[in-house]
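# Coordinates in review
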Amino acid sequence: MRVVSGIQTTGNLHLGNYLGAIKQWVAMQDQGECLFFLADLHALTGNISPQELANSTIEMAATLMASGIDDRAILFNQARVPAHAELCWILNGTARMGWLNRMTQWKDKAGKNREGASVGLFAYPVLQAADVLVYKATHVPVGEDQKQHLELARDIAAKFNTDFEVDLFPLPEPFISKAAPRIMSLRDGSAKMSKSDPSDLSRINLSDDDDIIAQKLRKAKTDPEPLPDSFDALAERPEAKNLVTIYAALSGRDPQSVVTEFAGQGFGAFKPALADLAIAVLGPVRERLNQLLADRDAVGQQLAKGAERASTLAEPTLKAAQKAVGLQI
C-alpha cells in the first residue's frame, strides 16, 4: 500500500486538522508506505503573500513533525519535486473541461465571479490528480469534501491509460478512517472548524497556549440542557455533539462512553474536563513545535531530504508518461 496525501500551506493548523487528518496520518505510517506533502503549489491559487507562503510551509511542516510524522514517512513540500507540475501539464491534455466544470469546490470558491477566478483555481483538481498519480498511489486519505476530486483523478488515470494504450497509473482508492471525526466550529455546530473562519474563537490552533485553549473551550457555544445518556440523543444538539466528539477523539474513546460518564451533568462540569484533556494532549505537541521552530533552517533541511526521496519515486513515472505521449524521443 502506498498512501499519498497533502495539506495546503495557508494558515495555522488547528484541532480539526489534527483530529481529522494528522492523527490518522501518524497511524498510517505503520500501515504502508506514506508520502505527505505541503501543497505550496496549490496555495498559489489563492491570495497569499510570498513571505506568508514561505513561513506557512515551514510552520506547517514543523507542526506535522511535532505531531508525530517522522522518517517512517516521506515529508516534503510539493514545489521541491518538479514532477508534480510537469505531470500536471501532461494530464491537462487528458482532463476535460466538462469534468472540471462539475467540481463543486470550483463552483463554491469561484462563486459568481468565475470569469475573474484564476486558471489555477479551475485546474486545481488536475494538479491534485498529478500529486497522487506521479507516485502510483494505491490509497488517498479523503474527507467528504474531497471524494469528488479523487473520482476525477481516477477518471484521468483511466482515460490516460486507455488513450495511450498503457498500464501506467493504478486507480487510487479512498482511504477513509472510521476513527476520523468531523470537527465543527466552536461557535457554530453546523460549520466545519476552519482556519478561514474570521473568528479565532471558532477553533483551537495547535499553537495556542494552555490558557487560550481553556478560554476558547469555556466560551464554546453550547445549550442549557445537561448531557443525555445516549450519544444519539445529541443529533439535534450540534454544539453539544461537537464537544462530546472532540472529547472522544482526544481520549481515543467511543462517544457513547463519554456521554455515559457525563450523563446528567451540564457543560459547567464538562467543559473544564474537556479543557484539561485538550491541554494534556496538545501541550506536548505545542512544546515540540516551538522547539522545531527555533531552528527553521533545520526544518527546511528535513523537507529537502524528503523531496529527494520523493523525487526518486516520481521520476520513473514522469518519464513513462512522457514516453507514452511522445515527449521522450
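Up top is the structure.
Let us look at the structure shown here.

## Points about the packing of helix α10 (residues 238–251) against helix α12 (residues 267–293)
Running from N to C, α10 and α12 point in directions that differ by 35 degrees, and their axes come no closer than 10 Å. In the crossing of α10 with α12, the sense of the turn from one axis to the other is left-handed. Within the contact between the two elements, α10 uses A240, L243, V244, I246, Y247, L250 and S251 and α12 uses F267, F270, K271, A273, L274, L277, A278 and V281.

## A short note on the packing of aromatic side chains
All chains considered together, the criterion is met by ten aromatic pairs. With a centroid separation of 4.8 Å and an interplanar angle of 45 degrees, the aromatic rings of F160 and F164 are classed as tilted. Classification of F164 as partly exposed rests on a relative accessible area of 31%.

## With respect to the environment of L91
Tracing the chain through its elements places L91 in helix α4 (residues 83–92). L91 sits 46 residues away from T45 along the chain, and the two C-alpha atoms are 18 Å apart. Not counting residues within four places of it along the chain, the set of residues in contact with L91 comprises V126, A129, A130, L133, I156, F160 and F169.

## Some details on helix α3 (residues 50–67)
In this model α3 runs 26 Å from its N-terminal to its C-terminal C-alpha over 18 residues, within 8% of the 26 Å that 1.5 Å per residue would give. Among the residues of α3, L53, S56, T57, I58, M60, A61, A62, T63, L64, M65, A66 and S67 are the ones counted as buried. With its phi angle positive at about 125 degrees, G68 sits one or two positions after the end of α3.

## Quick notes on α10
The end-to-end C-alpha separation of α10 is 20 Å, in line with the 20 Å expected for 14 residues at 1.5 Å each. Burial runs high along α10: eleven of the 14 residues are buried. Along α10, the residues that are buried comprise E239, A240, N242, L243, V244, T245, I246, Y247, A248, A249 and L250. Close packing links the buried residues of α10 with α1 (15–28), α11 (255–262) and α12.

## Let's talk about the packing of α10 against α11
When two helices pack together, their arrangement is given by the angle between the helix axes and by the axis-to-axis distance. Between α10 and α11, whose axes approach to 8 Å, the crossing angle comes to 110 degrees. What the angle tells us is that α10 and α11 run roughly perpendicular. For the element pair α10 and α11, the recorded crossing hand is right-handed. Residue-level inspection shows V244, Y247 and A248 of α10 in contact with α11, the latter providing P255, V258, V259 and F262. Tallied by class, the residues present in the contact of α10 with α11 amount to seven nonpolar, no polar and no charged.

## As for unusual backbone geometry
Of note in the backbone geometry, K136 takes a positive phi value of approximately 50 degrees without being a glycine. Among the secondary structure elements, K136 is positioned in the loop between α7 (119–133) and β4 (139–141). Among the residues examined, K136 registers a relative accessible area of 36% and is labelled partly exposed. At E165, a residue that is not glycine, the phi angle is positive and equals roughly 50 degrees. In this fold, E165 is placed in the loop between α8 (147–163) and β5 (173–175).

Conventions adopted
- Residues numbered from 1 in each chain as written.
- Predicted model: local features only at pLDDT ≥ 70, side-chain atom pairs only at ≥ 80, totals over all residues.
- Heavy atoms only, no water.
- Axes fitted to C-alpha atoms, helices over the stretch in contact; angles between N-to-C directions.
- Helix = DSSP H or I, 4+ residues; strand = E, 2+ residues; numbered from the N terminus.
- Left-handed = near helix turned anticlockwise from the far one by under 90°.
- Contact = heavy atoms within 4.5 Å.
- Phe/Tyr/Trp six-rings, centres within 6.5 Å; stacked < 30°, edge-to-face > 60°.
- Buried < 20%, exposed > 50% of the residue type's maximum accessible area, 1.4 Å probe, protein only.
- Expected span 1.5 Å × (residues − 1).
- Parallel < 35°, antiparallel > 145°, perpendicular 65-115°, else oblique.
- Nonpolar A, V, L, I, M, F, W, Y, C, P; charged D, E, K, R; others polar.

Honestly, it's all geometry; don't read function into it.
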